Amino acid sequence: MRWTFFYIVTVSVLVIAWVEWPQLKKKPKRDRVVFASLLLLGWGLSMLDLPNTPGPPMVLEAIFKPLWPLLEP
């Protein structure tokens, strides 16, 4: 994990929450929950290495690769 990136994102999330929370106190509880959930979801996803994470095609390839010799003429 790139620690400097983690610290920058964490500080950014804290600053966003600090700036926006006084305005959100006047809003309904549902809006505050959605705001906090989206902010935490973005923070959590920033910790993953998504560009290098294998996706569904890699899973399908791992499942069906042993069957390829049976399918080829």
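Sequence order sets the numbering: in each chain, residues are counted from 1 along the sequence as written. Whole-chain, interface and lining totals are the exception, using all residues; otherwise, since this is a predicted model, local features are given only for residues with pLDDT of at least 70 and side-chain atom pairs are given and counted only at 80 or more. To get the side-chain values, all heavy atoms of the structure are used, and hydrogens and water are removed first.

J.: Even after reading the chapter, I still don't get the overall build of the chain, so can you show me in this structure?
T.: The secondary structure content of the chain amounts to 4 helices and 0 strands. Restricting the calculation to C-alpha atoms gives the radius of gyration, and the globule rule supplies 2.2 Å times the number of residues raised to the power 0.38. In terms of overall size, the chain is more extended than a compact globule, its C-alpha atoms giving a radius of gyration of 21 Å where 73 residues would be expected to give roughly 11 Å. Under the scheme applied here, a residue whose accessible area is under 20% of the maximum for its type counts as buried, over 50% as exposed, and between as partly exposed, the area being computed with a 1.4 Å probe on protein chains only. By the burial criterion, 10% of the 73 residues in the chain qualify as buried. For every accessible area listed, the method is Shrake-Rupley and the probe measures 1.4 Å; residues are considered covered only by the protein chains on display. When the accessible surface of the chain is split by element, carbon and sulfur atoms take 73% of a total near 6500 Å². Placing the 8 positive and 5 negative side-chain charges of the chain at their respective mean positions leaves the two points 20 Å apart. Numbering of helices and strands runs from the N terminus; a helix is a DSSP stretch of H or I covering at least four residues, while a strand is a stretch of E covering at least two. Counting rule applied: Lys, Arg positive; Asp, Glu negative; His and chain ends not counted. By convention, the charge on Lys lies at NZ, on Arg at CZ, on Asp at CG and on Glu at CD.

J.: Help me understand helix α1 (residues 3–24) in this model?
T.: Side chains three or four residues apart in an α-helix point the same way, a direct result of the helix having 3.6 residues per turn. To estimate how far a helix should reach, multiply one less than its number of residues by 1.5 Å. An ideal rise of 1.5 Å per residue puts 32 Å on 22 residues; α1 measures up with 30 Å between its terminal C-alpha atoms. The largest bend in α1 amounts to roughly 25 degrees and is located at W18, with the proline P22 lying one to four residues further along. Any two residues whose heavy atoms approach within 4.5 Å at even a single point are treated as in contact. On the buried face of α1, the contacting elements are α2 (29–46). We define the bend at each residue as the angle formed by axes fitted to the 7 residues ending at it and the 7 residues starting at it.

J.: How should I be thinking about the side chain of S46 in this particular structure?
T.: The residue S46 is located in helix α2 in this model. Accessibility expressed as a relative area gives 19% for S46, which makes it buried. Counting of polar contacts relies on pairs of N or O atoms within 3.5 Å, with two restrictions inside protein: one atom must be capable of donating a hydrogen and the other of accepting it, and residues adjacent in sequence are counted only when both atoms are side-chain atoms. One polar contact links the side chain of S46 to the main-chain carbonyl oxygen of W43, over a distance of 2.6 Å. Those residues in contact with S46 that lie beyond four places of it in its chain are F5 and V9.

J.: Quick question: what am I supposed to make of the packing of aromatic side chains here?
T.: Geometry of an aromatic ring pair is reported as the spacing of the ring centres plus the angle between the planes. Pairing of aromatic rings covers Phe, Tyr and Trp, the last through its six-membered ring, and needs centres within 6.5 Å; plane angles under 30 degrees mean stacked, over 60 mean edge-to-face, and all others mean tilted. Tallied over the full model, the rule gives 5 aromatic pairs. Relative to Y7, the ring of W3 lies with its centre 6.2 Å away and its plane at 35 degrees, an arrangement referred to as tilted. Within this pair, W3 and its partner Y7 are both found in helix α1, separated by 4 residues, close to a single helical turn. Ring geometry for W21 versus F35: centroids 6.4 Å apart, planes at 40 degrees, classification tilted. Residue W21 is located in helix α1, and its partner F35 is located in helix α2; the two are separated by 14 residues in the primary sequence. In this structure W21 comes out as partly exposed when scored by relative accessible area, which is 33%. Only Lys NZ and Arg CZ are tested; either one counts as a charge over a ring when it is within 6 Å of the ring centre and within 35 degrees of the ring normal. When the ring centre of F5 is taken as origin, the NZ or CZ atom of R2, which lies over that ring, is 5.0 Å away.

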